[in-house]
Protein chains: 2
Amino acid sequence: MAEILVVGSVGYDTIETPSGKVDSVVGGSANYFSLAASLYSPVNVVGVVGRDYRDEDLQILQSRKVNLSGLKVEDGKTFRWSGSYLEDLNEAVTLKTELNVFRDFDPKLLEKHKQSDYVFLANIDPTLQMSVLQQVNSPKVIGLDTMNYWINSKKNELNAVLKKVDIFLLNESEALKLAEENNIVVAVKKLSEIGPDCVVVKRGEYGFFMYSHGRYFVLPAYPVAQVVDPTGAGDAFAGGFFGYLSRNGDPKSFRAQQEACVHGAVIASFCVQDFSVRLLTQLDWPKVEKRISEYMQVVSFASPKS
Amino acid sequence: MAEILVVGSVGYDTIETPSGKVDSVVGGSANYFSLAASLYSPVNVVGVVGRDYRDEDLQILQSRKVNLSGLKVEDGKTFRWSGSYLEDLNEAVTLKTELNVFRDFDPKLLEKHKQSDYVFLANIDPTLQMSVLQQVNSPKVIGLDTMNYWINSKKNELNAVLKKVDIFLLNESEALKLAEENNIVVAVKKLSEIGPDCVVVKRGEYGFFMYSHGRYFVLPAYPVAQVVDPTGAGDAFAGGFFGYLSRNGDPKSFRAQQEACVHGAVIASFCVQDFSVRLLTQLDWPKVEKRISEYMQVVSFASPKS
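Criteria and cut-off values
- Residues numbered from 1 in each chain as written.
- Chains lettered and ligands numbered in written order.
- Predicted model: local features only at pLDDT ≥ 70, side-chain atom pairs only at ≥ 80, totals over all residues.
- Helix = DSSP H or I, 4+ residues; strand = E, 2+ residues; numbered from the N terminus.
- Rg over C-alpha atoms; globule rule 2.2 N^0.38 Å.
- Contact = placed C-beta atoms within 7 Å.
- Axes fitted to C-alpha atoms, helices over the stretch in contact; angles between N-to-C directions.
- Parallel < 35°, antiparallel > 145°, perpendicular 65-115°, else oblique.
- Left-handed = near helix turned anticlockwise from the far one by under 90°.
- Least-squares fit on C-alpha atoms with pLDDT ≥ 70 in both.
- Buried ≥ 20, exposed ≤ 12 C-beta atoms within 10 Å, placed from the backbone.
- Pairing = 2+ DSSP bridges.
- Arc of directions from axis to C-beta.
- pLDDT = per-residue confidence, 0-100.
- Core = buried A, V, L, I, M, F, W, Y, C linked by C-beta atoms within 7 Å.
- Nonpolar A, V, L, I, M, F, W, Y, C, P; charged D, E, K, R; others polar.
- Expected span 1.5 Å × (residues − 1).

(A) Seen up close, the overall build of chain A. Counting secondary structure elements, chain A contains 10 helices and 14 strands. Against the globule reference of 19 Å for 306 residues, chain A gives a C-alpha radius of gyration of 18 Å, in line with a compact fold. When the backbone C-alpha atoms are referred to their principal axes, chain A occupies close to 65 × 45 × 40 Å. Sequence separation of 24 or more characterises 67% of the internal contacts of chain A that already satisfy a separation of 6 or more.

Pasting the structure below:
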């Protein structure tokens, strides 16, 4: 059975949205990704937390069969992020970032993790993403997510690791910024030329824009009547996407990547319906299958007569 | 054969976009709508121009079999609009609006136009939209478009005419504004409760969001690598949408409206690829059919395994 290795942040978030405010809730890219991807395949997390990370929050992951042998617990405080969506539900305003134990994070893979076939480099410093990648023997599929902060501050390092990546997931404003373009149709081609065969642009409530094998696949998000908290939706999308691929016999095919996008969109739609990882921890197959069927109703149509 | 009656503006635009600037080019909702809809059915325009409206610009419409017997030519200057997309290709900044002969426009329908089955009330004062509607004997399908200006200044008049409308097309920010909601999934339901069975929200490069018969149909735009001028894309969408319906035996069915959305999206994608109505005047069936097929490649997928 395929297993997924993910490196990313495990932390605590304080979030304010029009629906309310939550303090020190489970957050970080690896938490969201793992809870989503573990619906599909076993997930191994590489990351670091401080002594203040609560046992019950580790149990959330373990109850989903996420293996935490690669998660270091270090003296010091856990990574913390604080953000607000009061101005715009589509874009977080970062109020505060405390790296804490993440500042000196230097991931050393366990021997068994070096054998991983499916490696996902969630949004962290591209230097760390490269370090992890170099420790894996012969990965079959490599995915990567990033953010504006690294595009601005470590573009060369990011480009270096992207050369080795199969699937590049990022949001729309990041894609335009990195490609130095104002049109997404052009931008994804340029990003693909850096290295990744498959580029998946996450567009929030407008869905996704995939470019792979020279072809486009574009769909909207599942219509959610109340977006409570958009935090982690992109990581949940990546988890659903990468999780689905890890179960597919032909993960580099356009067809598998299309299906993976649909799974990513559906998992992300659950994520935003409550704060933090609350709904992700309650997800099961019947819920996912039901929503995939509903999603297909919304975006499917018969060939129009002309 | 079904004919379409459209009332709307016929005018001249001066437009600046990142691709360049054009001065006094053919514009106005009725021009864009008619050129699109006349690909499907004969169109009769109700509107007004001034003595300065160029014969060659009337011939553009006549060459597409758009009937202009309802277009009055009055002493005075033609309606003019000037806008810029230099800041944001998704939203025009209006630099100047000169109503001119449009200021005292009081549409009186010719007898033959009173028999129209398909009536489209393009974006003009809702009082004029109501006046036109009251002159039509027994329309089969009524469509309406509007804009923020009327939502802000004539909301009661707009609501009154909406009670009589079957299909309401408007853009996303307008839909949220009129519904007083910040979520489009909720907003379309509220708009439908005013009267229209079918609400089609135009989302620019993100496509459309339809709500009809209690169901959603949502798709992205056709991917255009160079958006030259977004002006009129919404009216072109409406023309393709309404034109398609006028040829369908069951124009109030969800299925026909889905297909109409696809046609609208495809016609709009041509519109934005050049300034003014330039590409619309060159459209023919083979081009439309080819792009519908390309569009379906971009948004279609097989049911994902789960």
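Now that the structure is up, let's keep going.
(B) Examining the packing of helix 9 (residues 254-271) of chain A against helix 10 (residues 285-299) of chain A more closely. Residues and elements named next belong to chain A. Interaxial distance between helix 9 and helix 10 falls to 10 Å at its minimum, and their mutual angle equals 110°. Of the possible angle classes, the one that applies to helix 9 and helix 10 is roughly perpendicular. In the packing of helix 9 onto helix 10, the handedness of the crossing is right-handed. Listed contacts from helix 10 to Val-262, Ala-265, Val-266 and Ser-269 of helix 9 are Val-288, Arg-291, Ile-292 and Tyr-295.

(C) Expanded view of the relation of the copies chain B and chain A. Superposing chain B onto chain A takes a rotation of 180° combined with a translation of 0.0 Å along the rotation axis, leaving an RMSD of 0.0 Å. As the rotation angle and translation indicate, the two copies are arranged about a two-fold axis. Of the residues that chain B buries at the interface, 97% are likewise interface residues in chain A, meaning the two copies contact each other through the same surface.

(D) Here's a closer look at the pairing of strand 12 (residues 198-202) of chain A. Residues and elements named next belong to chain A. Burial of strand 12 is extensive: 5 of the 5 residues sit out of reach of the surface. Burial along strand 12 is two-sided: the face carrying Cys-198, Val-200 and Lys-202 and the face carrying Val-199 and Val-201 are both buried. Direction of pairing for strand 11 (residues 167-171) relative to strand 12: parallel, over a ladder of 5 bridges. In the strand pairing of strand 12, Phe-168 is matched with Val-199.

(E) A look at helix 6 (residues 172-179) of chain A. Residues and elements named next belong to chain A. When helix 6 is considered as a whole, its buried residues turn out to be Glu-174, Ala-175, Leu-178 and Ala-179. The arc that holds every buried residue of helix 6, seen down its axis, measures 120°, which confines them to one face. Where helix 6 is buried, its residues meet helix 4 (148-153), strand 11, helix 7 (184-194) and strand 12. Where helix 6 terminates, the next one or two residues include Glu-180, which has phi positive at roughly 55°.

(F) Quick peek at the sheet that holds strand 2 (residues 11-17) of chain A. All names here are of chain A. Judged by pairing direction, the sheet is mixed, and its 4 strands sit side by side in the order 3-2-7-8 without closing on themselves. Taken across any chain shown, the strands that pair with only one partner, and hence form the sheet edges, are strand 3 (20-27) and strand 8 (93-98). Across the sheet, the mean angle from the axis of one strand to that of its neighbour is 15°, orientation sign disregarded.

(G) The sheet that holds strand 7 (residues 79-84) of chain B, seen in detail. All names here are of chain B. Pairing is mixed in the open sheet, where 4 strands are placed in the order 3-2-7-8. Where the open sheet ends on each side, the last strands, each with one partner, are strand 3 (20-27) and strand 8 (93-98). Between one strand and the next, the sheet's axes are offset by a mean angle of 15°, whatever the strand orientation. Here strand 2 (residues 11-17) runs beside strand 7; their pairing, made up of 6 bridges, is parallel. Bridged to Thr-14 within strand 7 is Ser-82.

(H) View of the confidence of the model for chain A. Taken residue by residue, chain A gives an average pLDDT of 96. The fraction at 70 or more is 98%. For this predicted complex, the interface confidence comes out at an ipTM of 0.94, alongside a pTM of 0.95.

(I) Highlighting the nonpolar core. Ranked by size, the top nonpolar core spans 196 residues in total, and within it Val-6 and Ala-265 of chain A together with Val-6 and Ala-265 of chain B carry the most contacts. If near-sequence neighbours (up to four positions away) are discounted, Ala-265 of chain A is found in contact with Gly-207, Phe-208, Leu-219, Ala-221, Tyr-222, Phe-237 and Tyr-295 of chain A.

(J) Spotlight on the interface of chain B and chain A. At the junction of the two partners, chain B supplies 31 residues and chain A supplies 31 residues. Contributions of two or more residues to the side of chain B that touches chain A are made by helix 7 (184-194), strand 14 (215-219), helix 9 (254-271) and helix 10 (285-299) of chain B. With 6 residues, the single largest contributor to the side of chain B that touches chain A is helix 10 of chain B. Its residues assigned to classes, the side of chain B that touches chain A comprises 20 nonpolar, 7 polar and 4 charged.

(K) Main features of the environment of Ala-92 of chain A. With respect to the element layout, Ala-92 of chain A can be found in the loop between strand 7 (79-84) and strand 8. Not counting chain neighbours up to four residues away, the residues in contact with Ala-92 of chain A comprise Gly-83, Ser-84, Tyr-85 and Thr-231 of chain A.

(L) Unusual backbone geometry, seen in detail. Residues and elements named next belong to chain A. One non-glycine residue with positive phi stands out, namely Ser-24, at about 55°. Structurally, the position occupied by Ser-24 is in strand 3. For Ser-24, a count of 17 C-beta atoms within 10 Å puts it in the partly exposed group. Phi at His-213 takes a positive value of approximately 55°, unusual for a residue other than glycine.

(M) Looking closely at helix 9 of chain B. Between its first and last C-alpha atoms helix 9 of chain B spans 25 Å; for 18 residues at 1.5 Å apiece the expected length is 26 Å, and the two agree. Within helix 9 of chain B, 15 of the 18 residues are buried, which leaves it mostly tucked inside the rest of the structure.

(N) Inspection of the packing of helix 8 (residues 233-246) of chain A against helix 9 of chain A at higher detail. Residue and element names in this part refer to chain A. Put simply, helix 8 and helix 9 touch, their axes get as near as 7 Å, and they point 140° apart. Classified by the interaxial angle, the pair formed by helix 8 and helix 9 is oblique. For the crossing formed where helix 8 meets helix 9, the hand is right-handed. Where helix 8 abuts helix 9, its residues Ala-233, Ala-236, Phe-237, Ala-238, Gly-239, Gly-240, Phe-241, Tyr-244 and Leu-245 lie against Ala-256, Glu-259, Ala-260, Cys-261, His-263, Gly-264, Ala-265, Val-266, Ile-267, Ala-268 and Cys-271.

(O) View of the environment of His-213 of chain B. Residues and elements named next belong to chain B. Relative to the helices and strands, His-213 is located in the loop between strand 13 (208-212) and strand 14. For the pair formed by His-213 and Pro-196, sequence separation is 17 residues and the distance between their alpha carbons is 10 Å. Other than its neighbours up to four places away in sequence, His-213 contacts Asp-197 and Phe-254.

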